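# Survey of secondary and tertiary structure
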Amino acid sequence: TKPLCSLVEEHPLWTQWLVDVKRIGLVQAGLLLGTWGKTAVLNNVAQVWSSSNLGVNADGTAQRRRTHGKVRPGYGPFVTACTLMRDCLLRARGAYFELKEVIQVKEMNRLADEGHARRRGMRLMSKIFLAHMWRYMRESHGLPVPALYPFAFLNHDPASYIEPLR
């Protein structure tokens, strides 16, 4: 792991942001960066979410693995790395965990099921983390970072954007 760690320490994503994210160490960052692949060149963050199994189907339901049908493409190392990243952020009880707790409380007001609200909080926490990571990866590759869909097309208040947490 020493060669991997030295590569991660030199990566701009590590030096600019991941070094400060609680519980994301060199090995976890190496796993994310190593499986990230061509995800940085995707045009929008929704494509990243889809490749990490956090997308939304055409009918508005959450993307998930189907047990009785075809296995969707993208179930590989990147999905595993995203799952491990989510677990690390939950165990860290840092800024992203606090964000999940806020989302969970909001969802509890809307939903009756506590387990459903908890899973929604974890899913949205993961999506926000990946959105931040996508932004830093685009910047580190010298690619433009387009405005996020809610702000560009749905006229959401830009003040509601959650800056990358540490």
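Scroll up for the structure.
Every value quoted in this text rests on a predicted model; they were computed, and no experiment measured them.

The next subject is the nonpolar core. Note on soluble globular proteins: their nonpolar side chains tend to be buried together. In terms of nonpolar packing, the biggest core is built from 36 residues, with W17, L18, Y96, F129 and M133 touching the most fellow members. For this core, the elements supplying multiple residues, two or more each, are α2 (12–16), α3 (26–36), α4 (45–51), α5 (77–92), α6 (95–110) and α7 (114–140). Here this core gets 10 residues from one element, more than from any other, and that element is α7. Those residues within four positions of Y96 in sequence are excluded, and the remaining contacts are W17, V21, L89, M125, I128, F129, H132, P164 and L165.

Here we take up the packing of aromatic side chains. Across all of its chains, the model carries four aromatic pairs by this definition. Summarising the aromatic geometry, the rings of W17 and F129 are spaced 5.1 Å apart at their centres and angled 35° between planes, so their arrangement reads as tilted. Taken together, the residues W17 in the loop between α2 and α3 and F129 in helix α7 connect sequence positions 112 residues apart. Using a relative accessible area of 0% as the deciding quantity, one classes W17 as buried. Seen from their ring centres, Y96 and F129 are 5.4 Å apart, and the 75° between their planes marks the pair as edge-to-face. Of the two residues, Y96 is situated in helix α6 and F129 in helix α7; the sequence distance between them amounts to 33 residues. In this pair, the class of Y96 matches that of F129, namely buried. By way of ring pairs, the aromatic residues W17, Y96, F129 and Y136 are connected into one cluster. Stacked on the ring of W49, the Lys or Arg K127 has its end atom at 4.3 Å from the ring centre.

Separated by 119 residues in sequence, W17 and Y136 place their C-alpha atoms 8.0 Å apart. The residues contacting W17, other than those within four sequence positions of it, are Y96, F129, H132, M133, Y136, P164, L165 and R166.

What counts as what
Residues numbered from 1 in each chain as written. Predicted model: local features only at pLDDT ≥ 70, side-chain atom pairs only at ≥ 80, totals over all residues. Heavy atoms only, no water. Core = buried A, V, L, I, M, F, W, Y, C linked by side-chain atoms within 4.5 Å. Buried < 20%, exposed > 50% of the residue type's maximum accessible area, 1.4 Å probe, protein only. Helix = DSSP H or I, 4+ residues; strand = E, 2+ residues; numbered from the N terminus. Contact = heavy atoms within 4.5 Å. Phe/Tyr/Trp six-rings, centres within 6.5 Å; stacked < 30°, edge-to-face > 60°. Lys NZ or Arg CZ within 6 Å of the ring centre and 35° of its normal.

Interpretation in functional terms is not warranted from these geometric data alone.
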